[in-house]
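# Structural features, examined
Residue strings, one per chain:
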Amino acid sequence: MSKTLRIKNLHVCVEGKPILNGVNLTINRGETHALMGPNGSGKSTLGNAIMGHPSYEVTDGTIELVEEDGTVANVLELDASERARAGLFMAFQRPMAIPGVKLADFMRHATSNVRNPERKEGEDLIPMREFRKELQEKMGHLRMDLDFARRYVNDGFSGGEMKRAEILQMAMLRPKFAILDETDSGLDVDAVKLASESIAEISADASHGGAMGVLIITHHDKLLERNTPDFTHVILGGRIVETGGVELAKELHNDGYDRIRAEYPEAAKLNSKMAEEEAVSV
């Protein structure tokens, strides 16, 4: 069973433009990591590259899953669905709508695939009674109306509904490593509190073989109040320039990135260029 997600010297391009410039990061199961940085620094790119988004080209470096016995699996050799089956999960900043596919049906198939990675499509789905009972329990914890499961995935969802649906998926899929890309954005205070509490509860649940390793990508510290990071990483210009504890996250939230930019001027200059190019392309 995977115990470590290990990223070494990761370089990633999008449409030929370099975004990540040598990211090094190691996440063990049971650890919570915060990834913070200004706009255009590469935060979401890292998450998408880990998950195998086809628009993100890895030009150098490695992403590996290290097993308890020391066996190493090369994540870059796996497609996106295989990475999910291996225990990687990402809650997207802007989840895609899937009209015509009910959330419950989507969750039953996805959960069956992750819990039984060798399953062939159409075979050995989780028994409906067992699935419905577990889904309803998880929805109850998230204070979600049961009718929500009958709606099409993210189709017509509000921002808060999308984020809650992402957390529901995490609860059902029980990943080994979860990447949360600005899950707090667009949520009001009560919704952030509920999301934060739910993430903390799910990530600490060791009943399925060990607590999750969690990477929280955020501009703010809202989710971190109940998910205290063991490590806080600052990404600037496509690479991690500084790592600390929860005190670093508090500093960035209170004071911004002026000190970071001053201490890492080359990375700051590159970040400004990347942010300008991103703004032009939008």
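Under an unreviewed UniProt entry, the name given to the chain is Vegetative protein 296, and the organism recorded is Botrimarina mediterranea.

In this section: the overall build of the chain. When its secondary structure is counted, the chain shows nine helices and twelve strands. Summarising its shape, the C-alpha atoms of the chain cover approximately 60 × 40 × 35 Å along the three principal directions. For the chain, the proportion of its 282 residues judged to be buried stands at 48%.

The four strands are arranged β2-β1-β4-β5 in an open sheet whose pairing can be described as antiparallel. The two strands at the open ends of the sheet, each matched to only one other strand, are β2 (17-28) and β5 (72-74). Ignoring strand direction, the axes of neighbouring strands in this sheet form an average angle of 10 degrees. Alignment of strand β1 (residues 2-14) against strand β4 (residues 56-67), held across ten bridges, turns out to be antiparallel. Across the sheet, the residue bridging to Thr4 is Val66, located in β4. The sheet contacts of helix α1 (residues 43-51) involve β1, β2 and β4, and relative to β1 the element is tilted by about 115 degrees.

With that settled, the discussion passes to the packing of aromatic side chains. Inspection of every chain in the model, using the stated rule, returns one aromatic pair. Aromatic side chains Phe148 and Phe157 sit 4.7 Å apart centroid to centroid with 45 degrees between the ring planes, which places their arrangement in the tilted category. A residue is classified by how much of its surface remains accessible, and Phe148, at 9% relative accessible area, is buried.

Moving on: the sheet that holds strand β3 (residues 32-36). Taking strand neighbours across the sheet as the criterion, the six strands line up as β6-β9-β10-β3-β11-β12 in an open arrangement whose pairing is mixed. Where the open sheet ends on each side, the last strands, each with one partner, are β6 (88-91) and β12 (239-244). Put simply, the sheet's adjacent strands are angled 20 degrees from each other on average, direction ignored. Inspection of the sheet shows strand β9 (residues 177-181) paired to strand β10 (residues 213-217) by five bridges, in the parallel sense. Bridge pairing in β10 links Ala178 to Val214.

This part takes up helix α7 (residues 246-255). Of the positions making up α7, those classed as buried are Leu248, Ala249 and Leu252. Axial view of α7: buried residues confined to an arc of 100 degrees, hence all on one face. What points out from α7, more than 90 degrees from its buried face, is the exposed set Glu247, Asn254 and Asp255. Buried residues along α7 sit against β3, β11 (231-236), β12 and α8 (258-263). In the segment just after α7, Gly256 is the residue with positive phi, at about 80 degrees.

Here the focus is the layout of surface pockets. Computed from the structure, the second largest pocket encloses a volume of approximately 290 Å³. Lining of the second largest pocket is provided by 13 residues; of these, Ala104, Arg132, Leu135, Ala149 and Arg150 occupy positions nearest its centre. Of all the elements in the fold, those that place two or more residues in the lining of the second largest pocket are α3 (103-115) and α4 (128-141). For the lining of the second largest pocket, the element with the highest residue contribution is α4, accounting for six residues. The residue makeup of the lining of the second largest pocket, split by class, is seven nonpolar, one polar and five charged.

Let us look at the packing of α3 against α4. One way to put it is that α3 packs onto α4 with a least axis distance of 11 Å and a crossing angle of 105 degrees. The orientation of α3 with respect to α4, classified from their angle, is roughly perpendicular. Of the residues in α4, those in contact with Ala104, Met107, Arg108, Thr111 and Arg115 of α3 are Met128, Phe131, Glu134 and Leu135. For the contact of α3 with α4, a count of residues per class yields five nonpolar, one polar and three charged.

This part is about the nonpolar core. Counting residues in each nonpolar core, the largest one holds 50 residues, and the members touching the most others are Leu135, Leu168 and Met170. Per element, the largest residue contribution to this core is eight residues, and it comes from helix α5 (residues 159-173). Other than its neighbours up to four places away in sequence, Leu168 contacts Leu103, Met107, Leu135, Lys138, Met139, Leu142 and Met144. Counting residues in hydrophobic clusters, the runner-up holds 24 residues, among them Ile7, Val12, Leu46 and Val75.

Further remarks concern α4. Across its 14 residues, α4 extends 20 Å between first and last C-alpha, which sits within 8% of the 20 Å expected from 1.5 Å per residue. Summarising the contacts, the buried residues of α4 are in contact with α3 and α5. At the exit of α4 stands Arg143, carrying a positive phi of roughly 55 degrees.

Let us now look at the pairing of β6. Because side chains alternate across β6, one face comprises the buried residues Leu88 and Met90, and the other comprises Phe89 and Ala91, equally buried. As paired elements, β6 and β9 share four bridges and run parallel to each other. In the strand pairing of β9, Ala91 is matched with Leu180.

Rules and cut-offs
- Residues numbered from 1 in each chain as written.
- Predicted model: local features only at pLDDT ≥ 70, side-chain atom pairs only at ≥ 80, totals over all residues.
- Heavy atoms only, no water.
- Helix = DSSP H or I, 4+ residues; strand = E, 2+ residues; numbered from the N terminus.
- Buried < 20%, exposed > 50% of the residue type's maximum accessible area, 1.4 Å probe, protein only.
- Pairing = 2+ DSSP bridges.
- Axes fitted to C-alpha atoms, helices over the stretch in contact; angles between N-to-C directions.
- Contact = heavy atoms within 4.5 Å.
- Phe/Tyr/Trp six-rings, centres within 6.5 Å; stacked < 30°, edge-to-face > 60°.
- Arc of directions from axis to C-beta.
- 1 Å grid on protein atoms, 1.4 Å probe; cavity = no way out; pocket = protein on both sides within 12 Å on 5 of 7 lines; lining within 4 Å.
- Points joined across faces, edges and corners; volume = space filled by probe spheres on them.
- Nonpolar A, V, L, I, M, F, W, Y, C, P; charged D, E, K, R; others polar.
- Parallel < 35°, antiparallel > 145°, perpendicular 65-115°, else oblique.
- Core = buried A, V, L, I, M, F, W, Y, C linked by side-chain atoms within 4.5 Å.
- Expected span 1.5 Å × (residues − 1).

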